[in-house]
Amino acid sequence: MARIIPDEMNQGSYILCLGAAEQSHVNLLSPETIFYEYLRRIGNVIDVLADAGEPLRIAHLGAGALTLVRYVQATRPGSVQVAVDIERELVEFVTAHLPLPPGTQCESVVADAREVLAQIPQLLDSPAGVDAIVLDIFSGWDAPEHLRQRGFYESAQRVLSDDGVLLVNVGDDPGLSFFASQAQHMLEVFEHVWCLCECSMLTAKQAGNLILVGSRHVLDESSRAFLEAAGPHPGAVLDTWQVADFVKSL
């Protein structure tokens, strides 16, 4: 059962709860402010994809409370977005209670994330490929099998532009066996794979979230410096070779 409750500690903010679990956090008064640290890291990557304020074309697989949709609209007005979720009632519930900012160009699609992948360039009117795909569905080995196979990442890569990226939020338990499997798939598909996470996640001794970024381009020094400075702190930013070494160590 979905509920939206006010965040008493942050004015204008609300929490989307699914059952007893907090699923998303939204600040209606300041949509450029992202509360959850893993989403903040995704937002930071979006920040380096193009010059500040330049519109992008982004697909969100897993809608939640549309926190990143709001962030992109606030920081890059004119962006064209699509939010995909398999739960029709959830999308309708969120948009009814937490309306998107005026001017937001975001189409909501009720569908399975993998089934809709090939349609994303058409949905975003971008035949040359899209700037970013954000996958925020995973929850360890309970993630749907068809979304954690190498074939999914191959399909995602095909609909990205030459400069586009796939951003994957991977939640995992101690040991990070699921993260290792997904990182390995991405290393086999993408020329470059980056990872952003809280520093303690690199010990593999605790549960938490790690962000994987698949790209055709190396993580350049200026982008890396920006991501390291942007936090949240303490944070780590790994390039392709460091990701490969980390996976081997798990």
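Use the structure listed above.
Within each chain, residues carry numbers counting from 1 in the order of the written sequence. Note on the predicted model: pLDDT of at least 70 is required for a residue's local features to be given, and 80 or more for side-chain atom pairs to be given and counted; whole-chain, interface and lining totals, by contrast, use all residues. Just so you know, side-chain values use all the structure's heavy atoms and leave hydrogens and water out.

**Let's talk about the pairing of strand β1 (residues 2-6)**
Each regular strand displays side chains that alternate between the two surfaces of the sheet. Relative to strand β2 (residues 13-18), β1 runs antiparallel, the two being bridged by five bridges. Bridging across to β2, arginine 3 finds its partner in cysteine 17. Where β1 folds back on β2, the antiparallel hairpin that results is connected by six residues, among which glycine 12 adopts a positive phi of roughly 80 degrees. Note on pairing: DSSP must find at least two bridges between two strands before they are called paired. Helix and strand definitions here come from DSSP, where helices need a minimum of 4 consecutive H or I residues and strands a minimum of 2 consecutive E residues; each element is numbered from the N-terminal end.

**Digging into the environment of isoleucine 120**
Tracing the chain through its elements places isoleucine 120 in helix α5 (residues 120-123). With 58 residues separating them along the chain, isoleucine 120 and phenylalanine 178 place their C-alpha atoms 27 Å apart. Discounting chain neighbours no more than four positions away, the residues touching isoleucine 120 are Ala59, Leu61 and Val130. In what follows, a contact means two residues having at least one pair of non-hydrogen atoms within 4.5 Å.

**Observations concerning the packing of aromatic side chains**
Think of it this way: a Phe, Tyr or Trp ring, Trp meaning its six-membered ring, pairs with another when their centres are within 6.5 Å, and the plane angle makes it stacked under 30 degrees, edge-to-face over 60, tilted otherwise. Tallied over the full model, the rule gives four aromatic pairs. When the centroid spacing of 6.4 Å and the interplanar angle of 20 degrees are considered together, the rings of tyrosine 36 and tyrosine 38 count as stacked. Each of the two residues, tyrosine 36 as well as tyrosine 38, counts as buried. By way of ring pairs, the aromatic residues Phe35, Tyr36 and Tyr38 are connected into one cluster. Residue exposure (1.4 Å probe, protein chains only): buried if accessible area is under 20% of the type maximum, exposed if over 50%, otherwise partly exposed.

**Description of the sheet that holds β2**
Through backbone hydrogen bonds, the strands of a sheet pair up, either in parallel or in antiparallel fashion. Pairing within the open sheet is antiparallel, and its three strands lie in the order β1-β2-β3. Looking at which strands have only one partner, the edges of the open sheet turn out to be β1 and β3 (21-27). The average undirected angle you get between the axes of adjacent strands in this sheet is 25 degrees. As paired strands, β2 and β3 are joined by six bridges and run antiparallel to one another. The partner of leucine 18 across the bridge, within β3, is alanine 21. Here an axis means a line fitted to C-alpha atoms, over the contact stretch when the element is a helix, while the angle between two N-to-C directions is reported on a 0 to 180 degree scale.

**Examining the packing of helix α1 (residues 37-47) against helix α8 (residues 221-230)**
Close contact between α1 and α8 brings their axes to 10 Å; oriented N to C, the two are set at 150 degrees. By the angle between their axes, α1 is roughly antiparallel relative to α8. When you trace α1 past α8, the crossing you get is right-handed. Of α8, the residues touching α1 (which contributes Asn44, Val45 and Asp47) are Phe226, Leu227 and Ala230. Each residue belonging to the contact of α1 with α8 can be placed in one class, and the counts come to four nonpolar, one polar and one charged. Orientation is classified from the angle alone, with under 35 degrees giving roughly parallel, over 145 giving roughly antiparallel, 65 to 115 giving roughly perpendicular, and any other angle giving oblique. With the far helix as reference, a near helix turned anticlockwise by less than a right angle produces a left-handed crossing, and one turned clockwise produces a right-handed crossing. Throughout, the ten residues Ala, Val, Leu, Ile, Met, Phe, Trp, Tyr, Cys and Pro are labelled nonpolar, Asp, Glu, Lys and Arg are labelled charged, and all others, Gly among them, are labelled polar.

**So, the pairing of strand β9 (residues 192-198)**
Extensive coverage of β9 is indicated by the burial of six of its seven residues. With six bridges connecting them, β9 and strand β10 (residues 208-215) associate as antiparallel partners. Note that in β10 the partner of cysteine 197 across the bridge is leucine 210. In the sheet, β9 pairs with strand β11 (residues 235-238) via four bridges, with the strands oriented antiparallel. Counterpart to glutamate 198 in the pairing with β11 is glycine 235.

**Considerations on the packing of helix α7 (residues 177-189) against helix α9 (residues 240-249)**
At a minimum axis separation of 10 Å, α7 and α9 run at an interaxial angle of 140 degrees. Taken together, the axis directions place α7 and α9 in an arrangement best described as oblique. The handedness of the crossing between α7 and α9 comes out as left-handed. Each of Phe179, Ala180, Ala183, Gln184 and Leu187 in α7 lies in contact with α9, whose residues at this interface are Thr240, Val243, Ala244, Phe246 and Val247. Within the contact of α7 with α9, the residues separate by chemical class into eight nonpolar, two polar and no charged.

**Brief notes about the sheet that holds β9**
Strands sit in the order β6-β5-β4-β7-β8-β10-β9-β11 across an open sheet of eight strands; the sheet is mixed. Two strands close off the open sheet at either side, each with one partner strand: β6 (105-110) and β11. Across this sheet, the average inter-strand angle for adjacent strands is 15 degrees, counted without regard to direction.

**Here's the deal with the layout of surface pockets**
Its boundaries defined by the atoms lining it, the largest pocket holds a volume of some 700 Å³. Definitions used throughout: a 1 Å grid over protein atoms alone; a cavity as a set of points that fits a 1.4 Å probe which cannot get out; a pocket as an open set with protein on both sides within 12 Å along at least five of seven lines; a lining residue as one with an atom within 4 Å of a point. Lining the largest pocket we find 32 residues, and of these Gln23, Asp136, Ile137, Phe138 and Ser139 sit closest to its centre. Contributions of two or more residues to the lining of the largest pocket are made by β3, β5 (80-85), β8 (160-172) and β10. When grouped by side-chain class, the residues that make up the lining of the largest pocket number 16 nonpolar, nine polar and seven charged. For the second largest pocket, the full set of lining residues is Val48, Leu49, Ala50, Asp163, Val165, Trp194, Ser215, His217, Val218, Asp220 and Ser223. Grid points are joined across faces, edges and corners, and a volume is the space filled by probe spheres set on the points.

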